[in-house]
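Secondary and tertiary structure notes
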Amino acid sequence: MDAVARLHRQLVDYSNSLFQEGILDNQFGHLQQLQDESNPDFVAEVVNLYFKDSERLLNEITVALDQQNVDFTKVGGHVHQLKGSSSSIGAQRVNNVCTAFRSFCEEKNIEGWK
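Attention in this report is confined to the structure presented alongside it. Since the model is a prediction, treat every value here as computed from it, not as a measurement.

On to helix α5 (residues 92-107), then. Every α-helix carries 3.6 residues per turn, so stepping three or four residues along brings you back to the same face. Relative to the 22 Å expected for 16 residues at 1.5 Å per residue, α5 spans 23 Å between its end C-alpha atoms, a close match to the ideal helical length. Those residues of α5 lying buried are Asn95, Cys98, Phe101 and Cys105. Projected onto a plane normal to the axis of α5, the buried residues spread over an arc of 125° and lie on a single side. Across from the buried face of α5, at angles greater than 90 degrees, the exposed residues are Val97 and Glu107. Of the residues flanking the end of α5, it is Lys108, one or two places downstream, whose phi is positive at about 55°.

Another point: the nonpolar core. In this structure, Phe28, Ile61, Leu65, Val75, Val79, Ile89 and Phe101 are the most contacted members of the largest nonpolar core, which totals 21 residues. Residue assignment for this core shows that the elements contributing at least two residues are α2 (26-33), α3 (42-65), α4 (72-89) and α5. What Val79 contacts, discounting residues up to four positions off in sequence, is Ile61, Cys98, Phe101 and Arg102.

Cut-offs applied
Residues numbered from 1 in each chain as written. Predicted model: local features only at pLDDT ≥ 70, side-chain atom pairs only at ≥ 80, totals over all residues. Heavy atoms only, no water. Helix = DSSP H or I, 4+ residues; strand = E, 2+ residues; numbered from the N terminus. Expected span 1.5 Å × (residues − 1). Buried < 20%, exposed > 50% of the residue type's maximum accessible area, 1.4 Å probe, protein only. Arc of directions from axis to C-beta. Core = buried A, V, L, I, M, F, W, Y, C linked by side-chain atoms within 4.5 Å. Contact = heavy atoms within 4.5 Å.

Written out as structure tokens, the structure is:
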């Protein structure tokens, strides 16, 4: 087996493990199906945009949570955006964490989100 074939096999195995561990869901599989020869970097580009947007949202959440008086509506809005992005890309574990985090925001449960 040549090096390219080995790397491809490792990628497939790693992707399968992400699905099995619940990190990714079927939405990510649908995203992969949209990639073709005319746009071979489609998934990488979408994931890169997701990471950039997620970093921005996490920074905004951090800043909002560091305030003396936490605006839970604002934090909840940022978490909702992160949840939506995660859902659309198939990041199931992040989506699940966002669901729990939003509940803490709605309850204004400071200990829960810590």
